[in-house]
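Understanding the architecture of this molecule
The chain contents come next:
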Amino acid sequence: MANATLGTRPDTMPAKKAAGFPRAARLLRHADFERVYKQGRRHFSASMTVFYWARPEAEMPTKTRPKASVPQLQPHGLRLGFTVGRVLGGAVQRNRMKRRLREAVRMSRPVAGVAADVVINPKKSLLTADFADVLNEVQRAFAVIEQKLSANAGARTGASAPHET
């Protein structure tokens, strides 16, 4: 009866902190998605298309009212967004695709890397694909993004450019 007086139920599990994405790690604005689509590059795989765009180093996040006392921090690492159009199915199928992608990204997300915005567009085949395959495709996409953007950053600084005589 002690449990009844305290208001706890013995059959409930303790609350577990969700290992989701913090707000700073998500693409939230339509303009950010459009920028990735228009200025970024693409990586194709069997069950998804991944769009990515390297953020400039000097970019600051836009706030409606910046506070003078609190310095604004530049987002670092990858910011992720998912787009699943109505053509891919009803709400149940679209939400299932997003859940599978979020979990695959959560499991394979690189902790340190280049500053980039990434948008993942699934294909209809994502619903029937084995989760291990989806996870492998996401890991491969992140590896390609890191490789391409690191190579571009090195070329811009002249570190990997051949010397001309």
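Please read these numbers as outputs of a predicted model, since none were measured by experiment. The residue numbering used here restarts from 1 in each chain and proceeds along that chain's sequence as written. Where totals are concerned, whole chains, interfaces and linings use all residues; where local detail is concerned, this predicted model gives features only for residues with pLDDT of at least 70, and gives and counts side-chain atom pairs only at 80 or more. Computation of side-chain values covers all heavy atoms of the structure but excludes hydrogens and water.

1. With respect to helix H2 (residues 30–39)
Helical geometry note: an α-helix holds 3.6 residues per turn, so side chains three or four residues apart project in the same direction. This is how the line gets drawn: Buried means the residue's accessible area, taken with a 1.4 Å probe over protein chains only, is under 20% of the maximum for its type, while exposed means over 50%, and partly exposed covers the values in between. Secondary structure elements are defined from DSSP: runs of H or I of at least 4 residues count as helices, runs of E of at least 2 residues count as strands, and each element is numbered from the N terminus. It is the directions from the helix axis to the C-beta atoms whose arc is reported. The contact criterion used throughout is that any non-hydrogen atoms of two residues lie within 4.5 Å.
Along H2, the positions that sit buried rather than exposed are Asp-32, Phe-33 and Val-36. The arc that holds every buried residue of H2, seen down its axis, measures 100°, which confines them to one face. Looking at H2, the residues exposed on the side facing more than 90 degrees away from the buried face are His-30, Lys-38 and Gln-39. The inward-facing, buried residues of H2 contact strand S2 (48–54), strand S3 (78–82) and strand S4 (116–122).

2. Examining the pattern of salt bridges
Worth spelling out the cut-off: Salt bridges are defined by distance alone: a side-chain nitrogen of Lys or Arg within 4 Å of a carboxyl oxygen of Asp or Glu.
Following the criterion strictly, the structure yields 7 salt bridges and no others. Here Arg-29 and Asp-32 are joined by a salt bridge, their closest N and O atoms 3.4 Å apart. With relative accessibility at 35%, the residue Arg-29 sits in the partly exposed group. The exposure class assigned to Asp-32 is buried, which follows from its relative accessible area of 6%.

3. What to know about the nonpolar core
Soluble, globular proteins show a tendency: their nonpolar side chains are buried together. Test applied: Throughout, nonpolar core names a set of buried Ala, Val, Leu, Ile, Met, Phe, Trp, Tyr and Cys residues whose side chains join them through atoms within 4.5 Å.
In terms of nonpolar packing, the biggest core is built from 26 residues, with Met-48, Leu-101, Val-105, Val-118 and Ile-120 touching the most fellow members. Sorting the residues of this core by element identifies S2, S3, helix H3 (91–108), S4 and helix H4 (131–157) as the ones contributing at least two each. Looking at this core, the element that brings in the most residues is H4, giving 7 residues. Leave out the neighbours within four places in its chain, and Leu-101 touches Met-48, Phe-82, Ile-120, Pro-122, Leu-126, Val-134 and Val-138.

4. Quick notes on the pairing of S2
As a reminder of what qualifies: Strands were regarded as paired on the criterion that DSSP finds at least two bridges between them.
Within S2, 6 of the 7 residues are buried, leaving the element largely enclosed by the surrounding structure. Looking at chain direction, strand S1 (residues 41–44) and S2 are connected through 4 bridges and run antiparallel. For Phe-44, the partnering residue across the bridge sits in S2 and is Thr-49. Bridge count for S2 against S4 is 7 bridges, and the pairing is antiparallel. When the bridges of S4 are listed, Phe-51 appears paired with Val-119.

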